[in-house]
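Chain and residue survey
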Amino acid sequence: MISPTPTRLLAAAAAGALAGAILTSLVLRYRQDLRSRDEAAQHKSQAAEVAAAEESKRAALRGDLAKKLEELDDAMRAIGSLQFRERKLHEQLEAAAKGGGPAAGPRKPSRKTWKEIAGNLAKVRGLVAGFKLQDWPAEAGAMSEELREALMALAAELGISLDEVLASPDGIPALFLELLAQCEPPPDAMQMAALRAALEGTEADWAKYLAGRDAMSALEQRAAIVAMSDAELAALRAGLTPEQSKWMDAFQVFDEVGKGGPQTWFDGNRATVADRLTTNWSQTLKLDDAQKAAIAPIVAEFVEKSAMNSYEIWKKENAGEILSGQDRFKAQLALMLETQKKIADAGGLSADQQKAMRGWSTVYGCNVADWEPPKK
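Summarised in this report is the structure supplied together with it. (Residues numbered from 1 in each chain as written. Predicted model: local features only at pLDDT ≥ 70, side-chain atom pairs only at ≥ 80, totals over all residues. Heavy atoms only, no water.)

**Some words on helix H6 (residues 172-180)**
Selection rule: Throughout this description, buried means an accessible area under 20% of the type-specific maximum (1.4 Å probe, protein chains only), exposed means over 50%, and partly exposed covers the range between. Segments assigned H or I by DSSP are reported as helices when at least four residues long, segments assigned E as strands when at least two residues long, and all are numbered from the N terminus. In what follows, a contact means two residues having at least one pair of non-hydrogen atoms within 4.5 Å.
For H6, the buried fraction is high: eight of the nine residues fall into the buried class. Residues Ile172, Pro173, Ala174, Leu175, Phe176, Leu177, Leu179 and Leu180 constitute the buried set of H6. Along its buried surface, H6 packs onto helix H2 (114-123), helix H4 (141-158), helix H5 (162-167), helix H7 (189-200), helix H9 (218-237) and helix H10 (242-248).

**Quick notes on the nonpolar core**
Defined as follows: In plain words, nonpolar cores are sets of buried Ala, Val, Leu, Ile, Met, Phe, Trp, Tyr and Cys residues tied together by side-chain atoms within 4.5 Å.
Within the largest apolar cluster, 43 residues are counted, with the highest numbers of intra-cluster contacts made by Trp114, Leu175 and Phe254. Breaking this core down by element, the ones donating at least two residues are H2, H4, H5, H6, H7, helix H8 (203-212), H9 and H10. In terms of residue count, the dominant contributor to this core is H6 (seven residues). Tryptophan 114 has contacts with Leu147, Ala150, Leu151, Leu154, Asp170, Gly171, Ala174, Leu175 and Glu178, leaving out every residue within four places of it along the chain. Formed by 27 residues, the second largest nonpolar core is a distinct cluster that contains Ile295, Ile298, Val303 and Leu333.

**Examining the packing of helix H11 (residues 270-285) against helix H12 (residues 289-318)**
Put simply, the test is: Interaxial angle, 0 to 180 degrees, is taken between N-to-C directions of lines fitted to C-alpha atoms, where a helix line uses only the stretch in contact. Our angle categories are set so that under 35 degrees counts as roughly parallel, over 145 as roughly antiparallel, 65 to 115 as roughly perpendicular, and the remainder as oblique. For any pair of crossing helices, the crossing counts as left-handed if the nearer helix is rotated counterclockwise from the farther one by less than a right angle, and right-handed if it is rotated clockwise. Note on residue categories: nonpolar means Ala, Val, Leu, Ile, Met, Phe, Trp, Tyr, Cys or Pro, charged means Asp, Glu, Lys or Arg, and polar means any other residue, Gly included.
The contact between H11 and H12 brings their axes to 10 Å, and the two run at 125°. In terms of orientation, H11 and H12 fall into the oblique class. Crossing of H11 against H12: the hand is right-handed. Of the residues in H12, those touching H11 at Arg270, Val273, Ala274, Leu277, Thr278, Trp281 and Ser282 are Lys292, Val299, Phe302, Val303 and Glu304. For the contact of H11 with H12, a count of residues per class yields seven nonpolar, two polar and three charged.

**Some remarks on the pairing of strand S1 (residues 263-268)**
Quick note on the threshold: The rule for pairing is simple: two strands pair if DSSP sees at least two bridges between them.
Alternating positions in S1 separate cleanly, Thr264, Phe266 and Gly268 being buried on one face and Gln263, Trp265 and Asp267 remaining unburied on the opposite face. For S1 and strand S2 (residues 363-368), the ladder comprises six bridges, and the chain directions are parallel. Within S2, the position partnered with glycine 268 by the bridge is valine 368.

**Things to note about the packing of aromatic side chains**
The geometry of an aromatic ring pair comes down to the distance between the two centres and the angle between the two planes. Where we set the bar: By convention, a stacked pair of Phe, Tyr or Trp rings (six-membered ring in the case of Trp) has centres within 6.5 Å and planes under 30 degrees apart, an edge-to-face pair has planes over 60 apart, and any other such pair is tilted.
Under the definition given, this model contains nine aromatic pairs. Linked through ring pairs, Phe266, Trp281, Phe302, Trp360 and Tyr364 together constitute an aromatic cluster.

**Focus: the pattern of salt bridges**
Under the convention used in this document: Salt bridges, as used here, are contacts in which a Lys or Arg side-chain nitrogen is within 4 Å of a carboxyl oxygen on Asp or Glu.
In the structure shown here, the tally under the stated rule is 11 salt bridges. With its nearest N and O atoms 2.6 Å apart, the salt bridge here joins glutamate 338 to lysine 305. Note that glutamate 338 is positioned in helix H13 (residues 325-346) and lysine 305 in helix H12, a separation of 33 residues in sequence. A relative accessible area of 32% places glutamate 338 in the partly exposed class. On the basis of relative accessible area, lysine 305 is assigned to the partly exposed category, the value being 30%.

**Things to note about the side chain of glutamine 332**
By secondary structure assignment, the location of glutamine 332 is in helix H13. When its relative accessible area of 1% is taken as the criterion, glutamine 332 is described as buried. Not counting the four nearest positions on each side in its chain, glutamine 332 is found in contact with Trp265, Phe302, Ser306, Asn309, Val363, Tyr364 and Gly365.

Okay, structure coming up:
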């Protein structure tokens, strides 16, 4: 047997030491990689928690903003009504100072007539054709403001809200008839008489609404306004010729009637939109933790049905059916009414919370990213 030489022994020792150093380095690097991965996962988890907390704060702020906008809208309507009453009081005082009784002679109207406004609208038809009211070009901006001011003045004059004046026979339907008189070809006397008779036929619904609105919640009032607006405009459109229908279709403002008032839509996955809805509804009704837990299944059902509503609209549109923004809104409005009733039944609401429910007029909806239609 050949004994290893000192040189070979030294080489073997050096090789063993090198292998040990390499192994130690690999172990250290592996441990360092594990620590880095753990730290990265921890940072990622912390970042997700921070992002979730920030999103929750943003959702709460959006809910507060929607509520403030709703309160501002109510305040503006109240101010308009008070301003009208103040003008009437001043007129009465001036008449009394001149010897009693109402002031004699014609008085300058507080707003432009629908005939005047219709004449101005007809002039900008080419500019606004195909545009929703909020998207009218700058050249027609003065007309949109004139229309809004006239609606607000009429609301104050009649002592009703801005939403209600849209369905009042003296509101948008009356403007519809005046604008129709500007079209080419214009209706003859017989056709116009028939259209006015059709509008008069809807006045009974309006009178019934006014008599019973105090017993309705804010959202029930919105639903009644939508139904009346649909009936009024359908009655008017049914009496038009194809040429007149095409001429009137340029003014999409009539397609938006009844869709006024606050709406809030959330986008995200199921968990995100459910959390946002719960946050907003809890703030509106001032729910405690137990009540939040009680409405959790109702929120989940609302998310599912809201996604289904959107899917059904999408199916109809892809099948070639022509739908308006009203169709999706009305589906959500019906779902919102159904959901409010379920919350009232399940939430154990206090008297103050029931009052808040009656004043809740916002229609909510959601676009759910991780929702899939049911398989047949």
